[in-house]
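One letter stands for each residue in the lines below.
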Amino acid sequence: EYNKFNDTFPLNSIAANCTGITHINVAYAGLVIGGSIPSTGLEQLTFLNLVKTGLVGSIPGEISRIERLDSFFADFNNLTGSLPASLGELRNLTSLSLSYNNISGTIPSTLGQLQLLEFLALERNNLSGSVPSELASCTNLMEVRLYENHLSGDINFFCPRPALLTTLQSDCYLNCSCCTFCRP
């Protein structure tokens, strides 16, 4: 029989008791985390998918302890607070998707240190300020989605698009001569 968690996924308990775990994928499983992302205990993870799990709170700065993490998805939750600068320390990260939350503040320039990053989805949050030009250093980016935030300025540092960057989506009021899609 399948695991039953009484509709609540015990992420904090798993973090405390299963320190060797490498993959967590509970997206769209109808499970609720019922809390926030633990700040310790997940150091061996390479894949973390918490899409639509009722997550609340902010992403802890200690997330940088998950040094092996290559994919982090936490869309369609109620994450708040700002993006920690320590996300830029996750050197193995290829996918970062935090869309459809209530994350505020600016996009940290440290994300430009993510040389392996291929997918960045931050749409439909409350992010503000300029998009950091340091993101141009992420030369493996294939898809960037930034629309429906409160971002400002110019993102022409992505232009001309590198051959790999096939999708660049933003709000139309951002100055972007090479966006593949813009939201009015």
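Everything below is about the structure printed above this text.
Residues numbered from 1 in each chain as written. Predicted model: local features only at pLDDT ≥ 70, side-chain atom pairs only at ≥ 80, totals over all residues. Heavy atoms only, no water.

A. Summary view of the overall build of the protein. What the protein contains, in helices and strands, is one helix and 13 strands. Over its C-alpha atoms the protein spans a radius of gyration of 16 Å, differing by no more than 12% from the 16 Å that the globule rule assigns to 184 residues. A buried classification covers 47% of the 184 residues belonging to the protein. Here the analysis covers contacts within the protein between residues at least 6 apart in sequence; of these, 41% occur between residues at least 24 apart. Surface accessibility of the protein: about 8400 Å² in total, with carbon and sulfur atoms responsible for 48%. Here the protein contributes 9 positive and 15 negative side-chain charges, whose respective centroids are spaced 4 Å apart. (Helix = DSSP H or I, 4+ residues; strand = E, 2+ residues; numbered from the N terminus. Rg over C-alpha atoms; globule rule 2.2 N^0.38 Å. Buried < 20%, exposed > 50% of the residue type's maximum accessible area, 1.4 Å probe, protein only. Contact = heavy atoms within 4.5 Å. Areas by Shrake-Rupley, 256 points an atom, 1.4 Å probe, with all protein chains shown as cover. Lys, Arg positive; Asp, Glu negative; His and termini not counted. Charge placed at Lys NZ, Arg CZ, Asp CG, Glu CD.)

B. Structural context of the state of the cysteines. The full count for this structure, using the stated rule, is three disulfides. Residue pairing for cysteine 159: its cysteine sulfur links by disulfide to cysteine 178, the two sulfurs lying 2.0 Å apart. With the S-S bond torsion at -85°, the cross-link from cysteine 159 to cysteine 178 turns out left-handed. Taken as a pair, cysteine 159 in the loop between β11 (150-152) and β12 (167-171) and cysteine 178 in the loop between β12 and β13 (181-183) lie far apart in primary sequence, 19 residues in all. With a relative accessible area of 10%, cysteine 178 lands in the buried category. The connectivity of the disulfide bonds within the protein can be written as 1-4, 2-6, 3-5, using the sequence rank of each bonded cysteine. (Disulfide = S-S within 2.5 Å.)

C. Highlighting the sheet that holds strand β8 (residues 119-121). The strand order across the open sheet built from eight strands is β1-β2-β4-β6-β8-β10-β12-β13, with neighbouring strands paired in parallel fashion. Two strands close off the open sheet at either side, each with one partner strand: β1 (23-25) and β13. Ignoring which end each strand starts from, the neighbouring axes of this sheet average 10° apart. Taken together, the three bridges between β12 and β13 define a ladder with parallel strand orientation. (Pairing = 2+ DSSP bridges. Axes fitted to C-alpha atoms, helices over the stretch in contact; angles between N-to-C directions.)

D. Summary view of the nonpolar core. By size, the foremost hydrophobic cluster in this structure holds 48 residues, and its most contacted members are Ile24, Leu50, Phe72, Leu96, Leu98, Leu120 and Phe158. In terms of residues, this core owes the most to one element, helix α1 (residues 11-17), which gives three residues. Residues contacting phenylalanine 72, with those up to four places away along its chain left out, are Ile37, Leu48, Ile59, Ile63, Leu93, Ser95, Leu96, Ser97 and Leu98. (Core = buried A, V, L, I, M, F, W, Y, C linked by side-chain atoms within 4.5 Å.)

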